[in-house]
Amino acid sequence: MPPFLDTLPARLGRRAVALVALAALPSPLLVLGAAQQAGAQRRIVGGSTASTADHPWMVALSSRKQFGSAHSGQFCGGALVTGTKVVTAAHCFYDESTGRRTDRPGLRVVLGRDDLRGTAGREVAVTNVWIDPDYSFAANTRDVAVLTLAEAQPERPVIELVGPGESEPYAEGTPATVFGWGDTRGDGSYSPVLRQVTVPIVSDAVCGHAYPAGGDTAYDARTMVCAGEERGGKDACQGDSGGPLVVAGRLAGLVSWGTGCAEAAHPGVYTRVAAVAESVRSVL
Ligand code: 4AZ
């Protein structure tokens with residue numbers, strides 16, 4: 001994802017704002033003013049470092065063409081759910097400006113590497129990218145993909161998915177932890193090291209108000225879930241896409257979209273794993 005921030009919903013912004021407009025946008029620090037005033041630290045945004053030793057299912061998706069390839073070519077996050085399958089976001093495989101499927105040349109899954117400047121862990125090729133057949137790029141609905149690894153990882157612990165139709169993990173206020181190597185400040189500062197932040201699940205009513213119907217970036221309670229503090233300061237951001245939102249040790253969400261990062265009253269929006277679990281299970 002282009003490592004810049006604007007005040008539009010991320011998906012709309014990525015399509016509508018050319019790089020040439022970057023200079024004309026308010027500075028990320030101004031955009032994040034509310035979070036700053038709240039005294040928040042802006043990491044993942046607002047979190048702390050994490051390790052794949054503790055979260056061995058956390059993986060990076062890498063491509064040799066990716067901007068910022070100093071960080072192992074990382075462009076999205078994902079989660080290992082079986083010895084050969086990684087769950088991530090469908091939009092990681094779509095071009096933001098055209099809305100079409102895009103190639104990720106040299107696509108690999110990076111396992112066991114906390115610091116993407118290094119060579120620890122393993123890089124494994126991908127033999128297949130499955131996108132949910134009902135994924136909509138325009139509406140951001142059912143934003144899920146499943147990658148098949150060229151080599152099985154039988155020793156590596158996996159994360160369990162929340163099951164089809166479950167609702168309890170999504171109760172308002174439930175603590176949820178998101179992991180990633182994405183932007184820590186909303187200004188293109190991708191993190192070389194894995195980070196995590198814990199945010200409360202936001203109710204459908206509040207999230208529907210934050211992202212009302214009418215645009216193509218509306219909140220859809222059937223296929224999405226929101227998480228974040230009302231005052232902002234903690235969030236996923238560009239580059240965290242596809243990464244896991246973990247509730248009580250299980251995969252409950254995938255980083256999908258949002259307006260900016262860590263803004264007050266604009267929680268992060270995640271793919272609701274319970275809504276796509278049946279479809280995902282059919283390809284595991
Ligand atoms: C993105 O562009 C993105 N604050 C992901 C998550 C959020 C915003 C943007 C949520 O990948």
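Just so it is clear, the model here is predicted, and its values are computed rather than measured. (Residues numbered from 1 in each chain as written. Predicted model: local features only at pLDDT ≥ 70, side-chain atom pairs only at ≥ 80, totals over all residues. Heavy atoms only, no water.)

Draft legend 1. Fine view of the nonpolar core. Counting 62 residues, the largest nonpolar core has L61, F93, V109 and L251 as its most contacted members. Those residues in contact with F93 that lie beyond four places of it in its chain are L61, F75, T88, R100, R101, T102, R104, L107, V129, I131, A145 and L147. (Core = buried A, V, L, I, M, F, W, Y, C linked by side-chain atoms within 4.5 Å. Buried < 20%, exposed > 50% of the residue type's maximum accessible area, 1.4 Å probe, protein only. Contact = heavy atoms within 4.5 Å.)

Draft legend 2. A look at the state of the cysteines. Counted by the stated rule, this structure contains three disulfides. The disulfide that involves C76 links it to C92, with 2.1 Å between the sulfurs. Torsion about the S-S bond of the C76 and C92 cystine: about -95°, corresponding to left-handed handedness. One end of the pair, C76, is in strand β3 (residues 74–80); the other, C92, is in the loop between β4 (85–88) and β5 (108–111), and 16 residues separate them in sequence. Shown here is the disulfide that connects C207 with C226, its sulfur atoms set 1.7 Å apart. With a gap of 19 residues between them, C207 in helix α4 (residues 204–210) and C226 in strand β11 (residues 224–227) connect regions that are remote in the sequence. Of the residues examined, C207 reaches a relative accessible area of 0% and is grouped as buried. Take C226: its relative accessible area is 0%, and that puts it in the buried class. (Disulfide = S-S within 2.5 Å. Helix = DSSP H or I, 4+ residues; strand = E, 2+ residues; numbered from the N terminus.)

Draft legend 3. Quick peek at the pairing of strand β10 (residues 195–202). Where burial is concerned, most of β10 is hidden: six out of the eight residues are buried. Pairing of strand β1 (residues 48–49) with β10 involves two bridges; the strand directions are antiparallel. Counted as the bridge partner of T49 is R195 from β10. Sheet topology note: the strand β9 (residues 175–180)/β10 ladder contains six bridges and is antiparallel. Note that in β10 the partner of A176 across the bridge is V199. (Pairing = 2+ DSSP bridges.)

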